Amino acid sequence: MVIQRWQSVLLFLGVLAMGLFAFLGTACIGVSDGFVCWHSIDCIPLFVLNCVTAIVAFIDIFLYNNLRAQKRVAMVVALMSLLSLALTVAAVLSLDQVSDNDSVAWRWTIGLPVAAVVFFIWARARMCADERLLKSYDRIR
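Colleague: Explain the packing of helix H2 (residues 44-61) against helix H3 (residues 67-93) to me, please; I cannot follow it from the model alone.
Modeller: When two helices pack together, their arrangement is captured by the angle between the axes and the distance separating the axes. Relative orientation of the contacting elements H2 and H3 amounts to 160°, with a least axis distance of 9 Å. Judged on the interaxial angle alone, H3 and H2 are roughly antiparallel. For the pair H2 and H3, the sense of crossing is left-handed. Packed against H2, whose contacting residues are Leu 46, Leu 49, Asn 50, Val 52, Thr 53, Val 56, Ala 57, Asp 60 and Ile 61, the element H3 presents Ala 69, Gln 70, Val 73, Ala 74, Val 77, Met 80, Ser 81, Leu 83, Ser 84, Leu 87 and Thr 88 at the interface. Residue composition of the contact of H2 with H3, by class: 13 nonpolar, 6 polar and 1 charged.

Written as structure tokens, this is what we have:
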């Protein structure tokens, strides 16, 4: 019996999304003398959260021997991605450079944590499907 390991591919796509989100610019803030681009590297705790999320998701790929732990870690990583997105939005909106007259132009990278959450939840769904498949084969024996 061969189990399709699509969840490994989906987890890896989530790792790529969070890794890109950690290093690419998230917002451009229009100030009176031009634009200031904001990166998560500008806020060290947020950068660390993004990197830890990507690393834990990468480690989760190799937990295929313990499916229960892999499913739990996938949900934790999805929650960490949502937390990272919320903290990023809060950090950008609370900057001193953002006043009532200044505008914030969100870049496409703001969607990466959302994509990562979708990948992590989809991977967990594939893990549950594999678990059901294994149980069905055990019943046949």
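This is not the end of the story, as more comes after the structure.
Colleague: Help me out: how do you make sense of the side chain of Thr 53 in this one?
Modeller: Here Thr 53 lies in helix H2. Residues contacting Thr 53, with those up to four places away along its chain left out, are Met 18, Val 77, Met 80 and Ser 81.

Colleague: Explain the pattern of salt bridges to me, please; I cannot follow it from the model alone.
Modeller: Pairs can form between side chains of opposite charge once their charged atoms are near each other. If you walk through the whole model with that rule in mind, you get 1 salt bridge. Notably, a salt bridge pairs Glu 131 with Lys 71, separated by 2.6 Å at the nearest N-O pair. One end of the pair, Glu 131, is in helix H4 (residues 112-140); the other, Lys 71, is in helix H3, and 60 residues separate them in sequence. In this structure Lys 71 comes out as buried when scored by relative accessible area, which is 12%.

Colleague: Teacher, can you tell me more about the nonpolar core here?
Modeller: A general feature of soluble globular proteins is that nonpolar side chains tend to end up buried together. With 22 residues, the main nonpolar core has Leu 11, Met 18, Phe 120 and Met 127 as its most contacted residues. Every element with two or more residues in this core is listed here: helix H1 (6-23), H2, H3 and H4. With 7 residues, H4 is the single largest residue contributor to this core. With residues near it in sequence (within four places) discarded, Leu 11 still touches Asp 60, Ile 61, Gln 70, Phe 120, Ala 123 and Met 127. Membership of the second largest hydrophobic core comes to 8 residues, among which are Ala 27, Trp 38, Ala 91 and Val 92.

Colleague: What am I meant to see in the confidence of the model for the protein here?
Modeller: In low-pLDDT regions, the fine details of the predicted coordinates are not to be read closely. Scored by pLDDT, the protein has a mean of 85; 85% of the residues are at 70 or more. Per-element confidence in the protein ranges from a low mean pLDDT of 73 for strand S2 (residues 34-39) to a high of 94 for H2.

Colleague: Hey, could you run me through the packing of aromatic side chains in this one?
Modeller: How two aromatic rings sit relative to each other is set out by the distance from centre to centre and by the angle between their planes. The full count for this structure, using the stated rule, is 2 aromatic pairs. Their ring planes at 80° and their centres at 5.2 Å tell us that Phe 23 and Phe 47 sit as a pair that is edge-to-face. A residue pair is termed long-range when its members are at least 10 positions apart, and Phe 23 in helix H1 and Phe 47 in helix H2 qualify at 24 residues. Looking at Phe 47, the relative accessible area reads 17%, which means it is buried. On the numbers, 5.3 Å between centres and 75° between planes, the contact of Phe 58 with Phe 62 is edge-to-face.

Criteria and thresholds
- Residues numbered from 1 in each chain as written.
- Predicted model: local features only at pLDDT ≥ 70, side-chain atom pairs only at ≥ 80, totals over all residues.
- Heavy atoms only, no water.
- Axes fitted to C-alpha atoms, helices over the stretch in contact; angles between N-to-C directions.
- Helix = DSSP H or I, 4+ residues; strand = E, 2+ residues; numbered from the N terminus.
- Parallel < 35°, antiparallel > 145°, perpendicular 65-115°, else oblique.
- Left-handed = near helix turned anticlockwise from the far one by under 90°.
- Contact = heavy atoms within 4.5 Å.
- Nonpolar A, V, L, I, M, F, W, Y, C, P; charged D, E, K, R; others polar.
- Salt bridge = Lys/Arg side-chain N within 4 Å of Asp/Glu carboxyl O.
- Buried < 20%, exposed > 50% of the residue type's maximum accessible area, 1.4 Å probe, protein only.
- Core = buried A, V, L, I, M, F, W, Y, C linked by side-chain atoms within 4.5 Å.
- pLDDT = per-residue confidence, 0-100.
- Phe/Tyr/Trp six-rings, centres within 6.5 Å; stacked < 30°, edge-to-face > 60°.

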